[in-house]
Amino acid sequence: MKKSIIIIIACLTLGLGFAQEFKIETSKSFTKENEKEVYKIVFPSAYGFMTLHHLDNVMMDNTKAMVLTKYDQSMASIETKTFNLPKLGLRASDLQEVIELEDELIFLSTVMDKKTAKHQLNVQVYSLKDNTVSDNRILASFPIDGYSKSGFYQIAISPDNSKIAIVANMPFVKKTQEKVKVWVYNTQLNLIWEQQETLVYDSERAYNETVFLQNSGVVVMHKTTDAYKKTRQSELLTFNGSSLTTKAFSSEGFMPMQMNLIDVNGKNRLAGFFWNGKKAVVKINNKEGQDNDGVFLYDLDAGNLIGIHEWSQTLNAKDLKSLKVVDVIINEDDIFILGEKYLYDSEFRKVGGKPSMDLDYLYTYGSSIIVNLDTKGTLKSFTPLFNSKTFKNAQKEKGSFSALYLENGLRIFANNNNNSLSFNTFFTKNKETFNYPRVTQSTMIPYILPNTVTAVKDYGMVYFITNYGDRYWFNKMTW
């Protein structure tokens, strides 16, 4: 009889799914010194973490400080280290990328100076073991005549975080062809190769192109010409240190838009969204966003599309425009492509009902979607996520969402329509309980800062930051 009862309970448990409990611990609150400060959680472990915070997009030429703070497992601060990005002349560098390795942070920044006639890319390395920051080193540099014709840098990191590519687009010169310089370094900052090419495209002040870096060290540039005309086309340019090859990428009914490079079991794939080119020409500065008609998976090694899927008739896709690839998560035979409309605009701030000379910056996130493909490019599902929301100025920290594949399910961290933290689960039959953090002495659920969500590798723990009013909290989720 007892054996029968045990069997019945086991069957019920399997039928209902496993109930997973996610527990939340919350730190003491803190406030920001400046509303324009942005936070990133780095080096997460079961014993604590660090934060990197700095001012976001602030026009200060003389000093740009990076602040690193250590926290213990109770999320209490231990020590803080501050250092400045390097200068060229009187100008401080602009932070471009922070690469997190097991025990180092690589800070890549760019700066230009008319007096010295240089535009350079700098690197500084923070060592977690020694709690030190290296002296500045110049990884790339080229001459400029002035700020209006200064060229620009693009940076790409390989999917396995083992290599760094720097692509320099040389300054605009009328009636000449586009010139580029390419450097590939390993994460010990040893130069692997460099290459200089004159391309077949006209020299411009700006280009519609994106750079990717394969784990092997090969650089791929997605180049779009006539972006806002019926003659729009895309090509893939491949640099390997000694040669340049060009391959047509777009075709009739397929105009690739935003995408990510992913490594699928050692194979190079591009995953993203496309426009079919049938309805209208993609418009520049379109307030509603640029058209997207579906999702694709491209085999870079073979050079062909292995999956192209237009939105289904049952999906309300009219607001799926200007889709940015928020993340691509690979789990066994599943590929989850997470996309979100992203628009940026500005307007003159009104004071007393009248426009002033100050600007407000507007950031629109959503509508958003999850696309589930298998690794062969076969469509498994479209799952709509969140509707469009617009945030003003520093409030953009509450926009977008974060995704993690945890405990056999895809977990989405975001803010709901009630302007508070939401935790959603997809692609699992397992049920879960999630004890939402609360504002101290209140039943209110705070906002989450989605871009701070950080998982501890090989451990059942996630850290993130929440906010309500002017107060912020660190949170630790365990299971």
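The structure this text deals with has already been given above.
**A closer look at the overall build of the protein**
In step 1: If you tally the helices and strands in the protein, you get one helix and 37 strands.
In step 2: The C-alpha radius of gyration computed for the protein amounts to 24 Å, which stays within 12% of the reference 23 Å derived for 479 residues, consistent with globular compactness.
In step 3: Viewed in the frame of its principal axes, the protein has a C-alpha envelope of about 90 × 55 × 55 Å.
In step 4: Residues classed as buried in the protein amount to 49% of the 479 residues present.
In step 5: In the protein, 50% of the contacts between residues at least 6 apart in sequence involve partners at least 24 apart.
In step 6: Put simply, the protein shows about 24600 Å² of open surface, and 48% of that area lies on carbon and sulfur atoms.
In step 7: Between the mean site of the 55 positive side-chain charges and the mean site of the 52 negative ones, the protein shows a separation of 4 Å.

**Describing the environment of Asn 62**
In step 1: Looking at the secondary structure, you find Asn 62 in the loop between β3 (48–55) and β4 (65–72).
In step 2: Counting along the chain gives 150 residues from Asn 62 to Phe 212, while the straight-line C-alpha distance between them is 32 Å.

**Focus on the sheet that holds strand β19 (residues 233–239)**
In step 1: Pairing within the open sheet is antiparallel, and its four strands lie in the order β17-β18-β19-β20. Each edge of the open sheet is held by one strand with a lone partner, namely β17 (208–213) and β20 (244–248). Taken over all neighbouring pairs, the strand axes of this sheet differ in orientation by 20 degrees on average, direction set aside.
In step 2: Direction of pairing for strand β18 (residues 219–225) relative to β19: antiparallel, over a ladder of seven bridges. What sits directly across from Thr 225, in β19, is Gln 233.

**Quick word on the nonpolar core**
In step 1: By size, the foremost hydrophobic cluster in this structure holds 21 residues, and its most contacted members are Ile 106, Leu 108, Leu 121, Leu 139, Tyr 153, Ile 164 and Ile 166.
In step 2: Within the residue set of this core, elements represented by two or more residues are β9 (104–113), β10 (118–127), β12 (137–143), β13 (152–157), β14 (163–169) and β15 (177–186).
In step 3: Contact partners of Ile 166, with chain neighbours within four places excluded, come to Leu 121, Leu 139, Ala 140, Tyr 153, Gln 154, Lys 181, Val 182, Trp 183 and Tyr 185.
In step 4: Ala 271, Leu 320, Ile 337 and Ile 369 belong to the second largest nonpolar core, which has 19 residues in total.

**Looking at the packing of aromatic side chains**
In step 1: The final tally for this structure, using the stated rule, is 32 aromatic pairs.
In step 2: Arranged with centres 6.1 Å apart and planes meeting at 50 degrees, the rings of Phe 413 and Phe 464 form a pair that is tilted. One end of the pair, Phe 413, is in strand β31 (residues 409–415); the other, Phe 464, is in strand β36 (residues 461–468), and 51 residues separate them in sequence. Both residues of the pair, Phe 413 and Phe 464, count as buried.
In step 3: Members of the aromatic cluster, each reached through a chain of ring pairs, are Phe 22, Phe 413, Phe 423, Phe 434, Tyr 436, Phe 464 and Trp 479.
In step 4: Of note, Lys 398 hangs over the ring of Tyr 447, and the distance from its end group to the ring centre comes to 4.6 Å.

**Topic: the pattern of salt bridges**
In step 1: Counting across every chain of the model gives 14 salt bridges.
In step 2: With a shortest N-O distance of 2.7 Å, Lys 32 and Glu 397 are connected by a salt bridge. Here Lys 32 is found in the loop between β1 (19–26) and β2 (37–45), whereas its partner Glu 397 is found in the loop between β29 (389–392) and β30 (402–406), with 365 residues between them in sequence. The burial state of Lys 32 is the same as that of Glu 397; both residues are buried.
In step 3: Residue Arg 269 is joined to Asp 299 by a salt bridge in which the shortest nitrogen-to-oxygen separation is 3.0 Å. Highlighted residues: Arg 269 in strand β22 (residues 267–275) and Asp 299 in strand β23 (residues 294–299), separated in sequence by 30 residues. Here the two residues Arg 269 and Asp 299 agree in accessibility, since each one is buried.
In step 4: Each of Lys 32, Glu 397 and Lys 398 takes part in a single network of salt bridges with overlapping partners.

**Side note on the side chain of Asn 372**
In step 1: Within the element layout of this structure, Asn 372 appears in strand β27 (residues 354–374).
In step 2: Only 3.2 Å separates the side chain of Asn 372 from the side chain of Asp 334, close enough to count as a polar contact.
In step 3: Only 3.3 Å separates the side chain of Asn 372 from the backbone oxygen of Ile 335, close enough to count as a polar contact.
In step 4: For Asn 372, the contacting residues outside a window of four places in its chain are Asp 334, Ile 335, Phe 336, Thr 378, Leu 379, Lys 380, Ser 381 and Phe 427.

**Focus on the pairing of β9**
In step 1: The buried fraction of β9 is high, at nine of 10 residues.
In step 2: As paired elements, strand β8 (residues 94–100) and β9 share six bridges and run antiparallel to each other. Looking across to β9, one finds that Glu 97 is bridged to Leu 108.
In step 3: Counted between consecutive antiparallel strands, the loop separating β8 from β9 contains three residues.
In step 4: The turn joining β9 and β10, which pair antiparallel and follow one another in sequence, is formed by four residues; a positive phi near 60 degrees is taken by Ala 117.

**Some points on the sheet that holds β2**
In step 1: The antiparallel open sheet is built from four strands, whose spatial order is β2-β3-β4-β5. Each edge of the open sheet is held by one strand with a lone partner, namely β2 and β5 (77–84). With strand direction ignored, the average angle separating the axes of adjacent strands in the sheet is 20 degrees.
In step 2: With seven bridges joining them, β2 and β3 adopt antiparallel strand pairing. Bridge pairing in β3 places Val 38 opposite His 54.

Criteria and cut-off values
Residues numbered from 1 in each chain as written. Predicted model: local features only at pLDDT ≥ 70, side-chain atom pairs only at ≥ 80, totals over all residues. Heavy atoms only, no water. Helix = DSSP H or I, 4+ residues; strand = E, 2+ residues; numbered from the N terminus. Rg over C-alpha atoms; globule rule 2.2 N^0.38 Å. Buried < 20%, exposed > 50% of the residue type's maximum accessible area, 1.4 Å probe, protein only. Contact = heavy atoms within 4.5 Å. Areas by Shrake-Rupley, 256 points an atom, 1.4 Å probe, with all protein chains shown as cover. Lys, Arg positive; Asp, Glu negative; His and termini not counted. Charge placed at Lys NZ, Arg CZ, Asp CG, Glu CD. Pairing = 2+ DSSP bridges. Axes fitted to C-alpha atoms, helices over the stretch in contact; angles between N-to-C directions. Core = buried A, V, L, I, M, F, W, Y, C linked by side-chain atoms within 4.5 Å. Phe/Tyr/Trp six-rings, centres within 6.5 Å; stacked < 30°, edge-to-face > 60°. Lys NZ or Arg CZ within 6 Å of the ring centre and 35° of its normal. Salt bridge = Lys/Arg side-chain N within 4 Å of Asp/Glu carboxyl O. Polar contact = N/O pair within 3.5 Å; in protein donor to acceptor, adjacent residues only side chain to side chain.

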